[in-house]
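Chain and residue survey
Residues per chain are reported as follows:
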Amino acid sequence: MEAHDGLSAAIAERAGFKGLWASSLSIACSLSYRDAAEVSCSQLLRVVERIVGSTELPVLVDGDTGFDDFNSARSLARKLHQRGAAGVALEDSCFPKMNSLFGERPLADINEFSGRLRAVKDTVADDLVLVARIETFIGAHGIDETILRAHAYADAGADAILIHSRKSTADEILWFVHAWRNRLPVVIVPTKYDRTPLSAYRNARISAVIWANHSMQAAIAAMRQVDDRIITEENTVNTELDIATLDEFFELFMYDELARSEARAPY
Ligand code: SPV
Ligand code: MG
């Protein structure tokens, strides 16, 4: 499940998800930037620290292009490991990236991107899972180029392949999985092709499904609704049924534990 801050991470953990996706789109949105390489590396690291700090779940960080070249990518990977991330996904589009569901960027050169992956793997070895994200279907490059890239990235040391698509059906994804024959685990992001039941992915032996932006989508809709209501009604009487109670704040972040330790004071 997507997380863009410590709160969304904590809520996803309580809902029962098994892992978190630190989404570039949602993190950029939460900081009021565009998902077009406007969030700096240090801003991303600060958010990841809070996501990791608020849950026990493994966090896969959306590393975009790794901030351009092999050197910045391995520096990003090293710092993510230091902050407790479980993995990083790097995508083979050119810097500055653009969100894949909004527009497309030229693909990175296959050899250069493979070198970027190899540099990351040489740096973090098994301390950080490396997911190679292939953007060929975003730019309509077809299955042959996609498979070629997947094998090159596997040879370069990637631990898994994230295959992305912005079609409204899962056809491209299922072609890929069929042709790929599970050389490495496959990760998908079914934001646009959201009608396919999960059982189809289980049958295709897809390893992980990322619900990439849904906490942020929920937050935007809920904040907009409550703001519109309060400004119209000039009170909060009718909003209280739809919003979290203050007790939920206190419960989420265990204020009672704080109260108990204060009772045992002085520390
Ligand atoms: C993200 O969540 O930032 C992603 C997935 O990269 S998508 O927005 O679908 O490209
Ligand atoms: Mg992203």
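Now for a quick tour of the structure. Quick caveat, the model's predicted, so the values are computed rather than measured. (Residues numbered from 1 in each chain as written. Chains lettered and ligands numbered in written order. Predicted model: local features only at pLDDT ≥ 70, side-chain atom pairs only at ≥ 80, totals over all residues. Heavy atoms only, no water.)

**Quick look at the pairing of strand E5 (residues 129-134)**
In terms of burial, E5 is a largely internal element, five of the six residues being buried. Pairing of strand E4 (residues 87-91) with E5, which is carried by five bridges, proceeds in the parallel orientation. Each residue of the ladder has a partner; that of Glu 91, found in E5, is Arg 133. Once the chain exits E4 it traverses helix H5 (residues 110-124) before rejoining the sheet at E5, and the crossover so formed is right-handed. Sheet topology note: the E5/strand E6 (residues 160-163) ladder contains four bridges and is parallel. Bridge pairing links Ile 134 to Ile 163 in E6. (Buried < 20%, exposed > 50% of the residue type's maximum accessible area, 1.4 Å probe, protein only. Helix = DSSP H or I, 4+ residues; strand = E, 2+ residues; numbered from the N terminus. Pairing = 2+ DSSP bridges. Right-handed = clockwise from strand over helix to strand, strands pointing away.)

**Remarks on the site of ligand 1**
Around ligand 1 sit Trp 21, Ser 23, Ser 24, Leu 25, Asp 62, Asn 99, Ser 100, Leu 101, Arg 133, His 164, Ala 212 and Asn 213, and that is every residue in its neighbourhood. In the model, an oxygen atom of ligand 1 is placed 3.0 Å from a nitrogen or oxygen of the Ser 24 side chain. In isolation ligand 1 offers 280 Å² of accessible surface; the protein chains occlude 100% of this area. Tallied by class, residues from the shell around ligand 1 come to four nonpolar, six polar and two charged. (Near = heavy atom within 4 Å. Polar contact = N/O pair within 3.5 Å; in protein donor to acceptor, adjacent residues only side chain to side chain. Areas by Shrake-Rupley, 256 points an atom, 1.4 Å probe, with all protein chains shown as cover. Nonpolar A, V, L, I, M, F, W, Y, C, P; charged D, E, K, R; others polar.)

**A few points about the packing of helix H3 (residues 41-54) against helix H4 (residues 70-82)**
If you want to describe how two helices pack, look at the angle between their axes and the distance between the axes. Packing of H3 against H4 brings their axes to within 10 Å, and their N-to-C directions diverge by 25 degrees. Overall, the two elements H3 and H4 adopt an arrangement that is roughly parallel. Once H3 is placed against H4, the crossing between them reads as right-handed. Mapping the contact onto sequence places Cys 41, Leu 44, Leu 45 and Val 48 in H3 and Leu 76, Lys 79 and Leu 80 in H4. (Axes fitted to C-alpha atoms, helices over the stretch in contact; angles between N-to-C directions. Parallel < 35°, antiparallel > 145°, perpendicular 65-115°, else oblique. Left-handed = near helix turned anticlockwise from the far one by under 90°. Contact = heavy atoms within 4.5 Å.)

**So, the sheet that holds E5**
The strand order across the open sheet built from eight strands is E1-E2-E3-E4-E5-E6-E7-E8, with neighbouring strands paired in parallel fashion. The open sheet has two free edges, formed respectively by strand E1 (2-3) and strand E8 (208-209), since each of these has just one partner strand. Sheet topology note: the strand E2 (residues 20-22)/strand E3 (residues 59-62) ladder contains three bridges and is parallel. Across the sheet, Leu 20 pairs through a bridge with Val 59, a residue of E3. Across the sheet, H3 is in contact with E1, E2 and E3; its angle to E3 comes to roughly 165 degrees.

**Let's talk about H5**
When the terminal C-alpha atoms of H5 are compared, their 21 Å separation across 15 residues agrees well with the 21 Å that a helix rising 1.5 Å per residue should span. All buried positions along H5 are accounted for by Ile 110, Phe 113, Ser 114, Arg 116, Leu 117, Ala 119, Val 120, Lys 121 and Val 124. Looking at the buried side of H5, the elements it contacts are H4, E4, E5 and helix H6 (142-155). The backbone nitrogen of Asn 111 has a side-chain oxygen 3.0 Å away, supplied by the residue at the start of H5, namely Asp 109. (Expected span 1.5 Å × (residues − 1).)

**Description of the side chain of Ser 8**
Relative to the elements of secondary structure, Ser 8 occurs in helix H1 (residues 6-15). Residue Ser 8 is classed as buried on the basis of its relative accessible area of 8%. Within polar-contact distance, the side chain of Ser 8 engages the backbone nitrogen of His 4 at 2.9 Å. Apart from the residues within four sequence positions on either side, Ser 8 is in contact with Ala 3 and Ser 215.

Note that every value here comes from positions in space, so none of it alone points to a role or purpose.
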